[in-house]
Each structure stands twice: as structure tokens, then as C-alpha cells.
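Inside the fold
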Amino acid sequence: MFKLFTDCATRFIPEKSMKVLLGEAHEAMELLLSGKGKGADMRGWIDLPLYVDDVIKECNEIASSWAGKLDAVVVIGIGGSYLGAKCALKALSHTFSLGGMKPKPVIVFGGYSLSEDYMSDLLGYLKDKEFGVIVISKSGTTTEPAIAFRILKKVMLERFGPEVTRERIVAVTDGEKGALREMCKKYGYRSLAVPNAVGGRYSVLSSVGLLPIAMAGCDIRRFVEGAKDAMNVLLNDKSDENPVIQYAAIRNALYRQGKKIEVFVNYNPKLKYLGEWLKQLFAESEGKETKGLFPASLDLTTDLHSVGQYIQDGERTMFETAILAGSREVEVKIPEAEDNLDGLDYLKGRTLEEINSKAETGTRLAHVSGGVPNIYLKIDKVDEWNMGQLFYFFELSCAVSAYILGVNPFDQPGVDVYKNELYRLLGRPGYTD
Ligand code: PA5
């Protein structure tokens, strides 16, 4: 199980406030589990790891039927229907892989922007490839993925004909309703249902995340097992030491002290998209009713040479949550050199992992001395098990935190405002006035 370290944050919080917040965190957890809190009908993700056995089998079966046959698979989706899979793939694949663990099919993403450049590049990339599409949209009506799907489907029909196109499309959508479900019925696309009680940003452990992650060649059973282990520990630990209780209490205590920004940091480029996933999870769950921490993310040590200046010396409105991961077993050491002109002889024979870890400790010391509280979480390596653990931990922490804040963690009324304005500007029937 991962470890959460809180000393460098709790030193900024008076003992009395911490006690109050720990109490509120326990109450929030109870409220969540009792089903009496706001948005309670969207809690299907809490015990999801117990119910995805069949989904795992089906995803693996689809993945192996496409493996080797197709050059590329386009995963279409936006927000919660894309970020979990993107994050897992980035974390688990070789850093220089084009997408996924295997040479074929390469996993590429679409439908998460409206950029014409992106789409024309994607179409160019697919031009001479045998490709399939996984289209993911719970509502089945979101503009960005719907447009991408229409464009790609047309290309597929022209190149492959109706029968092959049908075989090469899998939809992940609501079990009963929505435009995408209607298309599945009409054209016979294979489909997987998104559970009703699981919203987009809490869906990475459902078919939404599992199908693309399996398609990329990752071990989704191990991924779900990691989440299940976290679930068993975190739901049953009633003590103040429960990492969810600790983390939710600390971030709310800091918020009440005037901190406005939580900066998620990593020291491994593989975890870049974990920051993106976390930003969505927390911003969409907590940023409402004029409340909530603003989630930001940084990649270190890269950003220490840019935004690091602000973290150290800018407005004191933030705290850091670092996700630290051990490396794979392969060591990379600082080599001997003919001379010592670069002055690095003092590092000779030491591993990059050790130096990166010193950079992390040094950064923490510097930032804490500059008034930036620091929470950090350690996993021993980036693998399926640990990614499952992280996803579950942060989902549960987010819901508990949002309840402490007093908001509904499972709706997104602010996103609907944008969606409606776009519909109005584009002249969608029913939205024109
Ligand atoms: O978390 C959410 O609910 C959102 O980010 C959705 O995932 C996003 O808007 C995409 O929605 P849909 O899957 O309905 O296309």
C-alpha cells in the first residue's frame, strides 16, 4: 500500500484546527457511506472494484480480438471519458512508446478538443492504417466526441465499407439511453455499458477506463486488484491514520487558513497525466457554489526552472501534494568521465533515482521554508497495481473532501453552462434564444 506523509503540512496547522477537521473528515466519510449526502445516487464507484469481473473479461476479449490485426485504435472521449485512460497509458507505457504497451495497435486519442489542426493530423496519421474506434461518452451527446466520431465513421465507411466498420467500432455509453446507444441499436455496434451510478470523473475503474487500458496491453485485472486492496483498507480503517481522512482533513484545514491552490507535483514524466486527471477530479467535484481549492499541476524538476520561482517566492496561497514513485529495477548511474570539466565527479557511480530523490527532498525543504505546506505520497513503482491504488485513493479523498466543503461531489452544473452556450452559438435546435 502507498504511504502518505503529512508532517510538512500539519506543522502549518494548529493542533486544535487539525482535530476539528479530522472529526469533520470522519463525519464526511460516514455521510458518503450512509448514502444520505448530496448526489448519493452517484456512488456506484465506491465498490466498483468488486463488480467488474465480467467487464474485465469482455475488455480483454475485445482487446485480444483486435491485437495484431489493427495498426491503431482511436479512443474518442473527453473529460472523465478520456483522462483516466490517458493517465494510465502514459504511466504504464514505455516513455517513448507511441501509445500503449505493445507495438500494435497504437492507441491514439481523439474527440477531446475541437482543434481542426489536431483532427487533420489525426486523419493524416490514419490514412494508410488499419484502424478501429472506441467511442466513449456516457451521455452519448457531448459535442467534441460526437463530432470526432461522425468524422471518423465517415472515413471508415468510405475505406472499409459498412461491415468492417461495424466490426471495428466499440461504444462505451449509457446502458439504455442517449444518441450513442441509439446508434448501437441501429447499426449493431458492439457496446459496453457505463454503470448509471458512476459519473465520468469517477469512471476509470469501469468499462470507460478498462477497455482502452486493456487495448493498450496493460494488465487490467492487476489494476483493479490494486484498487480493490485500497478500497478494503481505506473503507475499513476508522482511525485518524486513514490516509483519506488525513488528506481530506489537511487540505480543508489549509483551505480554511486561506490557501486557494493545491499544486499536484510529480518527479516522473510518466505521471504527467495523473496531474491532468487530478485537476479534473478535484475541480469538477469541488469547484462550485463559489468555493473550492483550485487544482494545478507541475512536472518536476522541469518546472522548478520556471514556475518554481513562483512557488518559492510568489503569493502565499498554495500548498503542494506530491506523488512520488520509485523507479523500475533498471539503474542508470552517473558514469566516469575522462576529465571533471563538468564538475560532476562527486556524483560518479550514484543513480539518477538517488539524485531525483534528493532533488525532491531539497525542493520540499525549500518550499516548506518558503511557507508552502507539503503533503507527499509514495508508491514503490509505477505499475498497474499502484495506479489502481492511486485512482481509488484520490476518488475517495475527493468525495470526502467535497462533503467537508459542503458541496455535491458528483454534479458539474458549471460545465453545463459552457455546453449550453456552445449549443446556443452553434444554433443547435432548442438552444437558439
Ligand atoms: O466528469 C464528468 O462527468 C465529465 O467530465 C464528463 O466525463 C465529460 O463531460 C464527458 O461526458 P460524456 O461521457 O457524457 O461524453
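Cut-offs and rules
Residues numbered from 1 in each chain as written. Predicted model: local features only at pLDDT ≥ 70, side-chain atom pairs only at ≥ 80, totals over all residues. Heavy atoms only, no water. Helix = DSSP H or I, 4+ residues; strand = E, 2+ residues; numbered from the N terminus. Rg over C-alpha atoms; globule rule 2.2 N^0.38 Å. Buried < 20%, exposed > 50% of the residue type's maximum accessible area, 1.4 Å probe, protein only. Contact = heavy atoms within 4.5 Å. Axes fitted to C-alpha atoms, helices over the stretch in contact; angles between N-to-C directions. Parallel < 35°, antiparallel > 145°, perpendicular 65-115°, else oblique. Left-handed = near helix turned anticlockwise from the far one by under 90°. Pairing = 2+ DSSP bridges. Right-handed = clockwise from strand over helix to strand, strands pointing away. Near = heavy atom within 4 Å. Polar contact = N/O pair within 3.5 Å; in protein donor to acceptor, adjacent residues only side chain to side chain. Areas by Shrake-Rupley, 256 points an atom, 1.4 Å probe, with all protein chains shown as cover. Nonpolar A, V, L, I, M, F, W, Y, C, P; charged D, E, K, R; others polar. Patch = residues over 30% accessible without salt bridge, like charges linked within 9 Å, V, L, I, M, F, W, Y side chains within 5 Å. Salt bridge = Lys/Arg side-chain N within 4 Å of Asp/Glu carboxyl O. Expected span 1.5 Å × (residues − 1).

1. Section: the overall build of the protein chain
Within the protein chain, the regular secondary structure consists of 15 helices and ten strands. In terms of C-alpha radius of gyration, the protein chain reaches 23 Å, essentially the compact-globule figure of 22 Å for 433 residues. A principal-axis box enclosing the C-alpha atoms of the protein chain has dimensions of 65 × 65 × 45 Å. The burial tally for the protein chain puts 52% of its 433 residues in the buried class. In the protein chain, once contacts between residues fewer than 6 apart in sequence are set aside, the share between residues at least 24 apart is 80%.

2. Some points on the packing of helix α10 (residues 243–256) against helix α14 (residues 384–405)
At a minimum axis distance of 9 Å, the contact between α10 and α14 shows a crossing angle of 45°. The angle between α10 and α14 falls in the class oblique. Between α10 and α14 lies a crossing whose hand is right-handed. Where α10 abuts α14, its residues Pro243, Val244, Tyr247, Ala248, Ala249, Arg251, Asn252, Tyr255 and Arg256 lie against Phe393, Phe394, Leu396, Ser397, Val400, Ser401, Ile404 and Leu405.

3. Looking at the environment of Val55
Considering the arrangement of structural elements, one finds Val55 in helix α3 (residues 53–66). For Val55, a relative accessible area of 22% translates into the label partly exposed. Distance in space between the C-alpha atoms of Val55 and Leu426 is 37 Å, their sequence separation being 371 residues. With residues near it in sequence (within four places) discarded, Val55 still touches Ser207 and Leu210.

4. Thoughts on the sheet that holds strand β4 (residues 131–137)
Spatial ordering of the open sheet is given by β3-β2-β4-β5-β6, a layout of five strands whose pairing is parallel. The open sheet is flanked by β3 (106–110) and β6 (190–194), the only strands paired with a single partner. Strand-to-strand twist of the sheet, defined as the mean angle between neighbouring strand axes without regard to direction, takes the value 20°. As defined by bridge partners, strand β2 (residues 72–76) adjoins β4 across five bridges and the pair is classed as parallel. Bridged to Ile76 within β4 is Val135.

5. Focus: the pairing of β4
Of all seven residues in β4, seven are buried; the element is thus mostly enclosed. The alternating pattern of β4 places Phe131, Val133, Val135 and Ser137 on one face and Gly132, Ile134 and Ile136 on the opposite face, and all of these are buried. By the bridge criterion, five bridges tie β4 to strand β5 (residues 169–174) in an arrangement that is parallel. In the strand pairing of β5, Ser137 is matched with Thr173. In the classification by handedness, the crossover that spans β4, the intervening helix α6 (residues 143–167) and the parallel β5 is right-handed.

6. What about the site of the ligand?
Near the ligand you find 14 residues, and of these Ser81, Ser137, Ser139, Thr142 and Gln280 are the closest. One nitrogen or oxygen atom from the side chain of Ser137 is found 2.6 Å from an oxygen atom belonging to the ligand. With respect to the ligand, the backbone of Arg201 contributes an N or O atom lying 3.0 Å from an oxygen atom. Out of a free accessible area of 380 Å², the ligand has 90% covered by protein chains. Among the residues forming the shell around the ligand, the class breakdown is one nonpolar, nine polar and four charged.

7. Digging into the packing of helix α5 (residues 116–126) against α6
The N-to-C vectors of α5 and α6 enclose an angle of 25°; their axes lie 12 Å apart at closest approach. One way to sum up the angle between α5 and α6 is to call them roughly parallel. Seen from above, α5 lies across α6 with right-handed handedness. Together, Met119, Leu122, Leu123 and Leu126 of α5 and Ala148, Ile151, Leu152, Val155 and Arg159 of α6 make up the contact between the two elements. For the contact of α5 with α6, the per-class residue count stands at eight nonpolar, no polar and one charged.

8. As for a nonpolar patch on the surface
A cluster of nonpolar side chains, namely Leu114, Ile147, Ile151 and Tyr418, defines an oily patch on the protein surface of about 340 Å² accessible area. Mapped onto the elements of the fold, Ile147 is located in helix α6.

9. Here's the deal with α10
The terminal C-alpha atoms of α10, which comprises 14 residues, lie 20 Å apart, in line with the 20 Å expected from a rise of 1.5 Å per residue. Burial within α10 is extensive, with 13 of its 14 residues counted as buried. For α10, the N-terminal cap is Asn242; the gap from its side-chain oxygen to the backbone nitrogen of Val244 is 2.9 Å. A positive phi of about 105° marks Gly258, the residue just after α10.

10. Some remarks on the sheet that holds strand β1 (residues 3–5)
Read across the open sheet, the five strands follow the order β1-β10-β9-β7-β8; overall the sheet is mixed. Every interior strand has two partners, whereas the edge strands, β1 and β8 (294–299), have only one. Strand after strand, the sheet turns through a mean of 20° between neighbouring axes, direction not considered. The sheet contact formed by strand β7 (residues 261–266) and strand β9 (residues 318–325) spans six bridges and is parallel. Its bridge partner lying in β9, Ile261 is registered against Met318.

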